[in-house]
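A structural walkthrough
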Amino acid sequence: MKLNAAAEMEPISWPEFANIHPLAPQDQAQGWHELIEQLEGWLAEITGYAAVSVQPNAGSQGELAGLLAIRRYQVDRGETQRKTILIPSSAHGTNAASAVLADLKVVVVATASDGLIDHEDLKAKIESVGDELAGIMVTYPSTHGVYDTDISMVCEAIHDAGGQVYVDGANLNALMGLARPGKFGGDVSHLNLHKTFCIPHGGGGPGVGPWPWPSTWCPTCR
Ligand SMILES: Cc1ncc(COP(=O)(O)O)c(C=O)c1O
């Protein structure tokens, strides 16, 4: 779901961007701070969340950060038993890997033949997990490229059962300007800007896996 043209990546080789020392004093990196704050603000607006951190270096790092935040939020509310996360079988492999790293148990939700989440199976899994439900990791649009038209209902069903909704926003490029995860039911997301804005992919490179979260988690955020 991406096309990164070499011409679009060229600006990262400009010395003004590329040659800043990682330990440069704050007062010599003011332009960088301005760029970062502006980007965080724009991403919050695009996604419908209250605030964004661009600290994670890849989508998968954003996933881990988001899941740990969900866990801390629930532990803080005394819901320490919420240690099971639902993940549709169509999900990218990093979802389950991040969940295991966050010390969560993964329960897979079936995907119907048309690529949508199997709603009967979702209902059954929510019931069987009961009050151990930490939440769901749902990719929108999915890795199959399918827009689950019932996404708001999926989020609502998880919230009704006391869980949190992690919207994997890796495919934001197919969503931008059309829908906002923070508005249709997501509690936290990561974005894969290597797909949205043609930046280098994370992992071994200078990637960004921004991580937006909602105002309910942070009442002082704008
Ligand atoms: C749907 C989805 N989630 C998560 C990831 C993981 O992102 P990253 O490779 O930046 O860790 C990807 C990778 O492109 C993805 O397509």
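The following paragraphs examine the structure supplied in this document.

Rules used throughout
- Residues numbered from 1 in each chain as written.
- Predicted model: local features only at pLDDT ≥ 70, side-chain atom pairs only at ≥ 80, totals over all residues.
- Helix = DSSP H or I, 4+ residues; strand = E, 2+ residues; numbered from the N terminus.
- Rg over C-alpha atoms; globule rule 2.2 N^0.38 Å.
- Buried ≥ 20, exposed ≤ 12 C-beta atoms within 10 Å, placed from the backbone.
- Contact = placed C-beta atoms within 7 Å.
- Pairing = 2+ DSSP bridges.
- Axes fitted to C-alpha atoms, helices over the stretch in contact; angles between N-to-C directions.
- Right-handed = clockwise from strand over helix to strand, strands pointing away.
- Core = buried A, V, L, I, M, F, W, Y, C linked by C-beta atoms within 7 Å.
- Parallel < 35°, antiparallel > 145°, perpendicular 65-115°, else oblique.
- Left-handed = near helix turned anticlockwise from the far one by under 90°.
- Nonpolar A, V, L, I, M, F, W, Y, C, P; charged D, E, K, R; others polar.
- Arc of directions from axis to C-beta.

**Let's talk about the overall build of the protein chain**
The helix and strand tally for the protein chain stands at 9 helices and 7 strands. Here the protein chain has a C-alpha radius of gyration of 18 Å; the compact-globule value for 222 residues is 17 Å, and the two agree. By the burial criterion, 39% of the 222 residues in the protein chain qualify as buried. Taking the contacts inside the protein chain whose residues are at least 6 apart along the sequence as the reference set, 65% of them involve residues at least 24 apart.

**Remarks on the sheet that holds strand β3 (residues 105-109)**
The 5 strands lie next to each other as β3-β2-β4-β5-β6, forming an open sheet whose pairing is parallel. Here the strands that pair on one side only, and so sit at the sheet edges, are β3 and β6 (188-191). Shown here is a sheet whose adjacent strand axes are inclined to one another by a mean of 20 degrees, direction ignored. Examined bridge by bridge, strand β4 (residues 133-139) and strand β5 (residues 164-169) share 5 bridges and lie parallel to one another. Along β5, the bridge assignment pairs M137 with Y166. Sitting on the sheet, helix α5 (residues 93-101) touches β2 (84-88), β3, β4 and β5, and the angle it makes with β2 is about 175 degrees. Where helix α6 (residues 119-129) meets the sheet, its contacts fall on β2, β3 and β4, and the angle it forms with β3 comes to roughly 155 degrees.

**As for the pairing of β4**
Side-chain positions along a regular strand alternate between the two faces of the sheet. Within β4, 7 of the 7 residues are buried, which leaves it mostly tucked inside the rest of the structure. In this structure, β2 lies alongside β4, joined through 3 bridges in parallel fashion. Its bridge partner being in β4, T84 is matched across the sheet by L133. Handedness of the β4-helix α7 (residues 151-160)-β5 crossover: right-handed.

**Looking at the nonpolar core**
Residues I85, I136, M137 and Y166 are the most contacted members of the largest nonpolar core, which totals 36 residues. For this core, the secondary-structure elements that each account for two or more residues are α3 (30-47), α4 (59-76), β2, α6, β4, α7, β5 and β6. Here this core gets 5 residues from one element, more than from any other, and that element is β4. In this view, I85 contacts A99, L104, V106, A134, G135, I136 and M137; residues no more than four positions away in its chain are not counted.

**Some words on the packing of α4 against α5**
For the pair α4 and α5, interaxial distance at closest approach is 9 Å and the crossing angle is 40 degrees. Comparing the axis directions of α4 and α5 gives the class oblique. Of the two possible hands of crossing, α4 and α5 adopt the one that is right-handed. Within the contact between the two elements, α4 uses G59, S60, E63, L64 and L67 and α5 uses T94, N95, S98, A99 and L101. Of the residues contributing to the contact of α4 with α5, the split by class is 4 nonpolar, 5 polar and 1 charged.

**Some remarks on α7**
Those residues of α7 lying buried are I151, V154, C155 and I158. For α7, the angular spread of the buried residues around the axis is 95 degrees, confining them to a single face. At its buried positions, α7 is contacted by α6, β4, β5 and α8 (181-184). Two residues or fewer after α7 comes G162, characterised by a positive phi angle close to 90 degrees.

None of the figures reported here should be taken as evidence of function without further support.
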